[in-house]
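# Inside the fold
The primary structure of each chain is shown beneath.
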Amino acid sequence: MKRMTYFSKFLPHLLIMLGVVLAFSAPARAADRALAFAVPGVIADITVKAGAHVVKGAVLAVLDQRPFSASKKASDARVDAAMVTNDLLARRLKQTEQLFDSLSASVEDVEDAKTAAAVAKSDLETARAHAAQAAWNYERSTLRAPFDGTVASVPGYPGMVIPLNGDSVPVVIIRVP
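In this report, we go over the structure that sits alongside the text. (Residues numbered from 1 in each chain as written. Predicted model: local features only at pLDDT ≥ 70, side-chain atom pairs only at ≥ 80, totals over all residues. Heavy atoms only, no water.)

A separate point is the sheet that holds strand E6 (residues 149-153). Within a sheet, each strand pairs with its neighbour through backbone hydrogen bonds, oriented either parallel or antiparallel. The antiparallel open sheet is built from four strands, whose spatial order is E1-E8-E6-E3. At either end of the open sheet lies a strand with only one pairing partner, and these are strand E1 (31-35) and strand E3 (53-54). As defined by bridge partners, E1 adjoins strand E8 (residues 172-176) across five bridges and the pair is classed as antiparallel. If you follow Leu35 over to E8, its bridge partner there is Val172. (Pairing = 2+ DSSP bridges. Helix = DSSP H or I, 4+ residues; strand = E, 2+ residues; numbered from the N terminus.)

Put into structure tokens, the structure is as follows:
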């Protein structure tokens, strides 16, 4: 059996050296895809082992969730506070305009109220943008399989630091057919 494997391994090369045109094609080779986290952090858990079959969406590895969770909660709280401030200053603007119409407020009072309302609206949009970024980071703190395949190797390990400098550090390598 070993001789047959050895012989069959070198047969195509021997035939080429003899000038024989091969009518068969070599089997397609699988491609390895190195997967990495899109955000910095510390790996808390690797959920796969080499040789395991994974399906698209399967969890492969997870970063320590504490900083991502805290950032998301803080961002959500900033949005809530900005919404309250925005609503309050929008109402104050309406009240100031009504007072101006009844000649009980000055032009400067209305302009100050408009400025405060505009700043509050801007702060709300900024808070929403930060919350969206925090949610994106939280989502990316879990490495998921982007396609079906077989885990070729797992160079990552719990405790491994994923750097902030943008270098892509492979954590799991998946072989796709």
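The subject of this paragraph is the pattern of salt bridges. This model, assessed by the stated rule, comprises five salt bridges. Linking Asp76 and Lys72 is a salt bridge whose minimum nitrogen-to-oxygen distance equals 3.3 Å. Here the residue Asp76 and the residue Lys72 both occupy positions in helix H2 (residues 66-101), the gap between them amounting to four residues, near one helical turn. When its relative accessible area of 27% is taken as the criterion, Lys72 is described as partly exposed. (Salt bridge = Lys/Arg side-chain N within 4 Å of Asp/Glu carboxyl O. Buried < 20%, exposed > 50% of the residue type's maximum accessible area, 1.4 Å probe, protein only.)

Where burial is concerned, most of strand E4 (residues 59-63) is hidden: four out of the five residues are buried. Pairing between strand E2 (residues 41-46) and E4: three bridges, direction antiparallel. Bridge pairing in E4 places Ile43 opposite Leu63. Here E4 pairs with strand E5 (residues 142-144) via three bridges, running antiparallel. In the sheet register, Ala61 faces E5, and the bridge partner there is Leu143.

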